[in-house]
Amino acid sequence: MNDRLHRSTLPAHVVEPVTPAQVGVVHLGIGAFHRAHQAVFTELAARATGDLRWGILGVTQRSASVRDQLRPQGGVYAVLTTGTDATALDLVGSVVDVAWPAEDTPRVLAAIAAPTTHVVTLTVTEKGYARAAGGGLDVEKVSSDLAALAAEHVLPAAEHVVARDPGPHSRTDHMVGGEDGHGRAGASAIGLLVRGLAARHREASAAGERRPLTVLTCDNMVDNGRVLERLVREAVDAALPAGEGDALRAWLDADVTFPSSMVDRIVPATTAAQRDAVELELGVRDEGLVVGEPFRQWVIEDRFAGPRPPWEAAGATLTSDVAPWEQAKLRMLNGTHSLLAYAGRLAGHATLADAVADPALRARAEAFMFDDALPTLSPPDGADLHAYGESLLERFGNPATGHTTVQVSMDGTQKIPIRWGGVVADRLAAGEVPAGAAFALAAWCELVRREVSAGREVDDPRAAELRAAVARAVEGAGRGDGAAASPEAVARALVALPGLLPAGTASDARFLDAVVAEVAGLRTLV
Ligand code: CS2
């Protein structure tokens with residue numbers, strides 16, 4: 001068994017990763033995407049400028065596995081870049097440590113509150129935002145954090161849970177929290193963020209400071225910064241009634257900003273074979289290895305509350321208006337990606353590269369991208385959206401990434417409203433029936449029907465509702481088993497799921513008929 005990758009075991013032939021001087025960024029949701037994207041920009045920015053203030057404390061929400069991968073390695077990991085013809089291996093040292101809220105909540109709150117921290121970034125996926133179907137905060141999903149927030153709010157300064165940062169090797173029994181809930185382990189990303197903001201405000205007030213902070217979401221959502229700001233404010237309002245939380249609210253108004261951003265890099269799940277191959281190359285074992293395509297892009301709304309990492313030195317674009325970039329990426333890249341993932345799975349393709357190489361599916365992808373999505377967009381900074389679309393299809397076709405259709409197809413109910421909903425609404429408003437989007441929805445419906453009928457789990461936070469919709473269609477058909485339900489009836493039930501499509505579109509007869517016709521057609525295509 002080889003040693004683990006670490007600054008003390010670096011092979012001679014690699015470029016040394018940076019060693020940050022402190023934590024300057026707290027990142028919520030340290031999965032593979034963050035490690036292959038924002039952490040890489042941070043690393044390259046530090047190398048280019050020598051500015052070492054921007055070490056990252058990563059927060060892993062669901063399990064301790066990323067912490068257990070990176071902590072023994074002192075935070076160092078490798079990024080394997082897989083191009084069509086060549087691969088490259090680079091080390092990243094910008095992640096200082098990883099905290100798991102189930103055991104480390106006080107540490108996370110302390111890090112968000114610390115004067116040396118200036119930015120909190122997030123990649124918690126669409127479902128991590130705890131939104132209800134109408135778009136506002138689903139208070140139920142964050143209730144334990146809201147109770148903790150209310151309890152922490154009234155603690156005397158000396159007992160602030162953040163005053164007890166126990167560091168990385170703390171014992172869990174310190175973290176259980178008081179009977180009133182203060183110090184309770186963070187159960188949701190939004191809840192943890194809001195508690196961190198409140199802790200920062202309390203500490204800043206006690207120190208007579210303002211301590212501005214930038215909260216920068218990097219998730220694939222329309223107007224992601226505004227969405228997050230709304231959820232944070234709703235959480236504060238739900239936990240702290242008027243009067244009680246007013247100083248916190250005033251501080252949010254004056255000293256906290258929520259820029260929007262567009263992030264892009266295809267990051268497939270790392271395989272065991274890739275870990276083994278990299279171990280051979282490095283001579284040490286990297287349990288934190290991540291894989292990404294050569295392309296990476298980050299467009300950030302330039303609305304920072306205070307200092308920030310010099311990300312532009314690593315190629316990030318800072319701009320006053322991210323919306324056109326965000327729209328183009330969400331509709332053309334992510335929208336087409338999802339279409340290829342669902343239809344690809346139905347056709348038996350394991351990877352996106354195989355799906356986009358299938359002529360029938362490629363034609364559908366192009367129809368969605370160029371005929372439906374493109375006409376709804378205004379080109380960012382005069383970009384050629386047609387050329388952009390062609391470049392996306394080429395990126396999808398890179399076989400070296402091994403990006404799987406299963407990975408992209410998860411969480412359909414969270415992604416469809418963002419990726420297809422706006423396209424459908426805009427095309428219908430323009431008097432056109434979007435045929436590519438109708439096919440995409442039909443593919444999703446068919447896949448859901450197939451999985452539910454076969455008794456398999458659908459990987460989606462609304463899976464129970466999906467099962468119920470299929471069951472309703474079966475009952476409507478008066479038969480006893482899922483396979484016997486008319487696929488068209490299932491499609492009608494699924495498309496009507498609250499919040500899936502913008503109001504009015506799900507009931508548009510022409511569009512619905514097009515979806516249903518595609519469902520029938522899918523049985524001949526695949
Ligand atoms: C993908 C995205 O998994 C998915 O849903 O569409 O993760 C996609 O690979 C990235 O947004 C690319 O930047």
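Residues numbered from 1 in each chain as written. Predicted model: local features only at pLDDT ≥ 70, side-chain atom pairs only at ≥ 80, totals over all residues.

Named according to an unreviewed UniProt entry, the chain is Mannitol-1-phosphate 5-dehydrogenase originating from Isoptericola hypogeus. A UniProt comment under Sequence similarities (unreviewed entry) is attached to the chain, and it reads "Belongs to the mannitol dehydrogenase family." Quoted straight from UniProt, the Catalytic activity (unreviewed entry) entry for the chain says "D-mannitol 1-phosphate + NAD(+) = beta-D-fructose 6-phosphate + NADH + H(+)". (UniProt positions renumbered as here; feature names shortened; annotations may be inferred.)

Visitor: Describe the overall build of the chain, and please don't skip the residues or the numbers.
Guide: Helices and strands together make up the secondary structure of the chain, namely 19 helices and 12 strands. A total of 526 residues make up the chain; the buried ones form 52% of that total. (Helix = DSSP H or I, 4+ residues; strand = E, 2+ residues; numbered from the N terminus. Buried ≥ 20, exposed ≤ 12 C-beta atoms within 10 Å, placed from the backbone.)

Visitor: Go over the sheet that holds strand β9 (residues 261-264), please, and point to the residues and values.
Guide: Across a sheet, strands are paired by hydrogen bonds formed along the backbone, either parallel or antiparallel in direction. The three strands are arranged β9-β11-β12 in an open sheet whose pairing can be described as mixed. In the strand order of this sheet, the two ends are held by β9 and β12 (317-319), each with one partner. The sheet shows a mean angle of 15° between the axes of neighbouring strands, direction not considered. Where β9 lies against strand β11 (residues 297-301), four bridges are found, and the strand directions are antiparallel. When the sheet's bridge partners are listed, D264 is paired in β11 with Q297. Sheet strands in contact with helix α10 (residues 323-346) are β9 and β11, and its direction is about 40° off that of β9. (Pairing = 2+ DSSP bridges. Axes fitted to C-alpha atoms, helices over the stretch in contact; angles between N-to-C directions. Contact = placed C-beta atoms within 7 Å.)

Visitor: Lay out the sheet that holds strand β3 (residues 77-82) in plain terms, naming residues and giving numbers.
Guide: The strand order across the open sheet built from three strands is β4-β3-β10, with neighbouring strands paired in mixed fashion. Both edges of this open sheet fall to β4 (87-92) and β10 (290-292), since each of them pairs with a single strand only. Recorded for the sheet is a direction-independent mean angle of 25° between the axes of neighbouring strands. Bridge analysis of β3 against β10 gives three bridges, and the strand direction is parallel. Residue pairing in the sheet places T81 in a bridge with G292 of β10. Helix-sheet contacts for helix α9 (residues 272-282) involve β3, β4 and β10, and the interaxial angle to β3 is about 110°.

Visitor: Any chance you could break down the environment of V232 for me, citing the residues and the numbers?
Guide: Along the chain, the position of V232 falls in helix α7 (residues 224-239). Separated by 94 residues in the primary sequence, V232 and D138 have C-alpha atoms spaced 12 Å apart. If we skip the residues at most four places from it in the chain, V232 touches L193, V194 and L197.

Visitor: If you had to explain the site of the ligand to someone new, which residues and values would you point to?
Guide: As a structural note, the neighbourhood of the ligand is formed by N220, D264, R265, I266, N334, H337, Q407, V408 and K415. Listing elements by their share of the shell around the ligand, those giving two or more residues are α10 and α14 (405-409). Taken together, the residues that form the shell around the ligand break down as two nonpolar, four polar and three charged. (Near = placed C-beta within 6 Å. Nonpolar A, V, L, I, M, F, W, Y, C, P; charged D, E, K, R; others polar.)

Visitor: Report on the pairing of β3, specifying residues and quantitative values.
Guide: Burial analysis of β3 places six of its six residues in the buried class, the great majority of the element. With burial as the criterion, each face of β3 is covered, one bearing Y77, V79 and T81 and the other bearing A78, L80 and T82. Note that β3 and β4 share six bridges and pair antiparallel. Counterpart to T82 in the pairing with β4 is T87. Taking the residues between adjacent antiparallel strands as the criterion, β3 and β4 are bridged by four residues.

Visitor: Give me helix α18 (residues 487-495): which residues, what numbers.
Guide: Summarising burial for α18: eight of the nine residues are buried, a large majority. Taken residue by residue, α18 has P487, A489, V490, A491, R492, A493, L494 and V495 as its buried positions.

Visitor: Explain unusual backbone geometry to me, using residue names and the numbers behind them.
Guide: One non-glycine residue, T125, adopts positive backbone phi at about 65°. Even without being a glycine, D381 presents a positive backbone phi close to 45°. Among the secondary structure elements, D381 is positioned in the loop between α12 (359-373) and α13 (385-396). Overall, D381 belongs to the exposed group, with 10 C-beta atoms counted inside 10 Å.

Visitor: Explain the pairing of strand β1 (residues 23-28) to me, using residue names and the numbers behind them.
Guide: For β1, the tally of buried residues reaches five of six residues, placing the bulk of the element in the interior. Judged from the five bridges that link them, β1 and strand β2 (residues 55-59) form a sheet pairing that is parallel. If you follow V25 over to β2, its bridge partner there is I56. Of the strand pairs in this sheet, β1 and strand β6 (residues 119-122) are connected by four bridges, and their pairing is parallel. Bridged to V25 within β6 is V119.

Visitor: Explain the environment of N224 to me, using residue names and the numbers behind them.
Guide: Following the sequence through the fold, N224 ends up in helix α7. The class of N224 is buried, set by 27 C-beta atoms lying within 10 Å. When the C-alpha positions of N224 and S260 are compared, they lie 5.3 Å apart, and in sequence the two are 36 residues distant.

Visitor: Go over the packing of helix α4 (residues 101-113) against helix α6 (residues 189-206) with me, naming the residues and quoting the values.
Guide: Remark: α4 packs on α6, axes separated minimally by 7 Å, with the N-to-C direction vectors making an angle of 45°. When the axis of α4 is compared with that of α6, the two are oblique. Read as a crossing pair, α4 and α6 show a hand that is right-handed. Across the interface between the two elements, P101, V108, L109, I112 and A113 from α4 touch L192, R195, G196, L197, A199, R200 and E203 from α6. Here the contact of α4 with α6 is composed, by residue class, of eight nonpolar, one polar and three charged. (Parallel < 35°, antiparallel > 145°, perpendicular 65-115°, else oblique. Left-handed = near helix turned anticlockwise from the far one by under 90°.)

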